[in-house]
Amino acid sequence: MKRTTLTVLVLLIAVAVTVPAQTGVDLGEYKSAVEDFGGEFAKSLPMNSMIGLNWSDAYIGQLLDVPPHFGVGLTMGVTTIPVAAFEDLLEAVDTEVPGDLAGIPLPAYAFDARVGGFFIPFDLGVKFGTVPEVEIGDTSVEWNLIGVDFRYALLEGGIGLMPKLSVGVGYNRLSGTVSSGAGLDDIPVGSVPYDLNNDGTSDGNAEVVLADPSFFMDWSANVFDFKAQVSKGLLVIEPTIGLGMSVASATLDAGFEGTVDVQTAGVSAADLVSSAGVDVAPTGLTVSSDESPIAFRVFGGTSINLALLRFDIGLMYNINSGAFGASLGSRIQL
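In this report, the structure presented in the accompanying data block is examined. Predicted model, so just to flag it, every value in this text is computed and none were measured.

A closer look at the side chain of D195
When you line up the elements, D195 lands in the loop between β6 (187–194) and β7 (204–231). Within the structure, D195 has its side chain in polar contact with the backbone nitrogen of N197 (distance 3.3 Å). Among the polar contacts listed, one links the side chain of D195 to the backbone nitrogen of G200, at a separation of 2.8 Å. If near-sequence neighbours (up to four positions away) are discounted, D195 is found in contact with G200, T201, D203, D271 and V273.

The following block contains the structure:
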């Protein structure tokens, strides 16, 4: 496959759903592949949730100063998911990741605002971003991000070489959904156990086909973040560098939705039971993966300060996975 994509969502759907329609799905292999993918994908979510509020100045000052210190703006960015995260998942459906891809981009944006503290040197930030359900061809995508953070200034900066130095803690909630049925034929699932008497005992295996299938993936992550950041204003720029640690609780559900067509006489879709860790229901097949990754990152960048307007350029690097990110932001700040 030689095509490229704009987002990880479209790439995953375009590649992963073409071959199963022809060869079928081994439920055991698919479960294992989704769990492996979920583990790698989860490592990338904490850094993606960091888009927004990554302003270059480590501390913005006091709300009670004259003038008061606060700001509002917009940040857009992208983080990558290493291609290795997809290899097992795509192998389970008998295809390969395009060899010329170094990483899969996962974009994000956030409206962000920060207000200075009072009496003690701290500031507070909030952010919000959303993509309501949109259609990209035969693919449907939805994405949401909210977050808050608190930073305490150990050094408030000032004249000479004195920098700003802060430590902070934050919480981010990231969730998304993608689904697509582009080009899918019926999927021969194979043998699935059934329980006619609903007594917990298998009465045999039935041959199953998933009709009118569509692939879907839902994910969510709750991310607690801890960071230290230093910055120094130099004329109209303010370079910054920092180190962060994120602790996340992430959930990924992936599978195929459709009509489960039982080929074995006397057995209905309602009689089927989950197999090989795959949730088999009359409406499709689902695998769930829960992960709790801890991710370390380094970040840096600079702002260009023009009167009330500030423009940020930022870079991030995930020490655990090797993923990287970049962001551009603009804001009005006093």
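The discussion continues.
Some details on the pairing of strand β8 (residues 237–262)
Looking at chain direction, β7 and β8 are connected through 22 bridges and run antiparallel. Residue F224 lies in a different strand from β8, and its bridge partner there is V247. In this antiparallel pair of consecutive strands, β7 and β8, the connection spans five residues, and L235 shows a positive phi of 55 degrees. Both β8 and strand β11 (residues 294–306) contribute to a ladder of 11 bridges, which runs antiparallel. Residue pairing in the sheet places L243 in a bridge with V298 of β11.

Concerning the pairing of β11
Successive residues of a regular strand alternate their side chains across the two faces of the sheet. Where β11 lies against strand β12 (residues 309–318), 10 bridges are found, and the strand directions are antiparallel. Bridge pairing in β12 links V298 to Y317. Here β11 folds back onto β12, and the loop between the two strands holds two residues, one of which, A307, carries a positive phi near 50 degrees.

What about the pattern of salt bridges?
Once their charged atoms are close, side chains differing in charge can pair, the charge on each being opposite to the other. Summed over all chains, the structure comprises nine salt bridges. R114 serves as the salt-bridge partner of D149, at 3.0 Å between the closest nitrogen and oxygen. Here D149, found in strand β4 (residues 139–156), pairs with R114, found in strand β2 (residues 103–116); they are 35 residues apart in sequence, far enough to count as distant. R114 shares its class with D149; the two are buried. Ionic pairing is found between D225 and R297, a salt bridge with its closest N-O pair at 2.7 Å. Here R297 lies in strand β11 and D225 lies in strand β7, a separation of 72 residues in the sequence. Accessibility classification places D225 together with R297 in one group, the buried group.

Points about the packing of aromatic side chains
Using the criterion set out here, one finds six aromatic pairs in the structure. Ring centres of Y109 and W143 lie 5.9 Å apart, and the angle between their planes is 35 degrees; this geometry places the pair in the tilted category. Placement of Y109 in strand β2 and of W143 in strand β4 is noted, with a sequence separation of 34 residues between them. Aromatic side chains F118 and F119 sit 5.7 Å apart centroid to centroid with 90 degrees between the ring planes, which places their arrangement in the edge-to-face category. Residue F119 is classed as exposed on the basis of its relative accessible area, which comes to 74%.

Considering the environment of Y171
By secondary structure assignment, the location of Y171 is in strand β5 (residues 164–180). Spatially, the C-alpha atoms of Y171 and D225 are 6.1 Å apart, while their sequence positions differ by 54 residues. Discounting chain neighbours no more than four positions away, the residues touching Y171 are I146, G147, V148, N222, V223 and F224. A polar side-chain atom of Y171 sits 2.6 Å from a polar atom in the side chain of N222.

Cut-offs applied
Residues numbered from 1 in each chain as written. Predicted model: local features only at pLDDT ≥ 70, side-chain atom pairs only at ≥ 80, totals over all residues. Heavy atoms only, no water. Helix = DSSP H or I, 4+ residues; strand = E, 2+ residues; numbered from the N terminus. Polar contact = N/O pair within 3.5 Å; in protein donor to acceptor, adjacent residues only side chain to side chain. Contact = heavy atoms within 4.5 Å. Pairing = 2+ DSSP bridges. Salt bridge = Lys/Arg side-chain N within 4 Å of Asp/Glu carboxyl O. Buried < 20%, exposed > 50% of the residue type's maximum accessible area, 1.4 Å probe, protein only. Phe/Tyr/Trp six-rings, centres within 6.5 Å; stacked < 30°, edge-to-face > 60°.

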